[in-house]
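Residue-level listing of the chains:
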Amino acid sequence: MHDWDDAVAYACSLPDVTVEKWWGTPCPKINGKGFLSPGRENSSFALAVTNPEKEILFETDPDTFWQTDHYRNYPMLLVRYGTGARERIELYIQRAWWDRAKKPQRIAANLHERP
């Protein structure tokens, strides 16, 4: 992802995603649930992931995925802009979408299993 607009554009390419306020900022949501936000650092955006995924991402690609104390005990991490991990970032955006989508939305998107 090059910047916040790029991340939002990808998230909005997923079915039924709308941009609505989340913590006072316009963010992609599905079913009223946000899954990424601009974050508190200009060089990154925050992405919802499971806590086990956080640890894997920190260990396998710390140049892309990181956190501050603000996100330490929350199921989100920071994703740096401009890394070469676009496909992996897209995968985790898809997973965040899937985790918040309803079963009929998953079926309509032909995603019967979590990406």
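Conventions and cut-offs
- Residues numbered from 1 in each chain as written.
- Predicted model: local features only at pLDDT ≥ 70, side-chain atom pairs only at ≥ 80, totals over all residues.
- Heavy atoms only, no water.
- Helix = DSSP H or I, 4+ residues; strand = E, 2+ residues; numbered from the N terminus.
- Rg over C-alpha atoms; globule rule 2.2 N^0.38 Å.
- Buried < 20%, exposed > 50% of the residue type's maximum accessible area, 1.4 Å probe, protein only.
- Core = buried A, V, L, I, M, F, W, Y, C linked by side-chain atoms within 4.5 Å.
- Contact = heavy atoms within 4.5 Å.
- Phe/Tyr/Trp six-rings, centres within 6.5 Å; stacked < 30°, edge-to-face > 60°.
- Lys NZ or Arg CZ within 6 Å of the ring centre and 35° of its normal.
- Axes fitted to C-alpha atoms, helices over the stretch in contact; angles between N-to-C directions.
- Parallel < 35°, antiparallel > 145°, perpendicular 65-115°, else oblique.
- Left-handed = near helix turned anticlockwise from the far one by under 90°.
- Nonpolar A, V, L, I, M, F, W, Y, C, P; charged D, E, K, R; others polar.

Asks: Any chance you could explain the overall build of the protein chain here in plain terms?
Replies: Counting its regular elements, the protein chain contains four helices and seven strands. Going residue by residue from the N terminus, the α and β elements of the protein chain occur as α-β-β-β-β-β-α-β-β-α-α. Relative to a compact globule of 115 residues, whose C-alpha radius of gyration would be 13 Å, the protein chain shows 13 Å and is just as compact. By principal-axis analysis of the C-alpha atoms, the protein chain measures approximately 35 × 30 × 25 Å. Within the span of the protein chain, comprising 115 residues, buried residues form 46% of the whole.

Asks: Hey, could you run me through the nonpolar core in this one?
Replies: Note on soluble globular proteins: their nonpolar side chains tend to be buried together. One finds Phe35, Leu36, Phe45, Leu47 and Ile93 to be the most contacted residues of the largest nonpolar core, which totals 36 residues. Those elements that place two or more of their residues in this core are α1 (4-12), β2 (25-30), β5 (44-48), α2 (51-60), β6 (65-66), β7 (76-80) and α3 (86-100). Tallying contributions element by element places α3 first for this core, with six residues. Dropping the residues within four chain positions of it, isoleucine 93 is found in contact with Met1, Tyr10, Ala11, Leu14, Phe35, Leu36, Phe45 and Leu47.

Asks: Help me out: how do you make sense of the packing of aromatic side chains in this one?
Replies: Any aromatic ring pair is given by two values, namely how distant the centres are and how the planes are angled relative to each other. Scanning the entire structure with this criterion turns up five aromatic pairs. Consider the rings of tryptophan 22 and tryptophan 23, whose centres lie 4.2 Å apart with planes at 15 degrees: the pair is stacked. Look at tryptophan 23 and you get exposed, because its relative accessible area is 55%. Three or more aromatic residues joined by ring pairs form one cluster here, namely Trp4, Phe45 and Tyr81. The ring of tyrosine 92 has arginine 95 lying over it, and the distance from NZ or CZ to the ring centre is 4.8 Å. Positioned above the aromatic ring of tryptophan 98 is the side chain of arginine 106, whose terminal nitrogen or guanidinium carbon lies 3.7 Å from the ring centre.

Asks: What's the story with the packing of α1 against α3 in this structure? I'm lost.
Replies: Packed helices, taken two at a time, are described by the angle their axes make and the gap between the axes. Contact geometry for α1 and α3: axes closest at 10 Å, N-to-C directions at 50 degrees. Considering their axes alone, α1 and α3 lie oblique with respect to each other. Seen along the crossing, α1 lies across α3 with a hand that is right-handed. Listed contacts from α3 to Asp6, Tyr10 and Ala11 of α1 are Arg86, Glu90, Ile93 and Gln94. Here the residues of the contact of α1 with α3 sort into three nonpolar, one polar and three charged.

Purely geometric numbers; function is a separate question.
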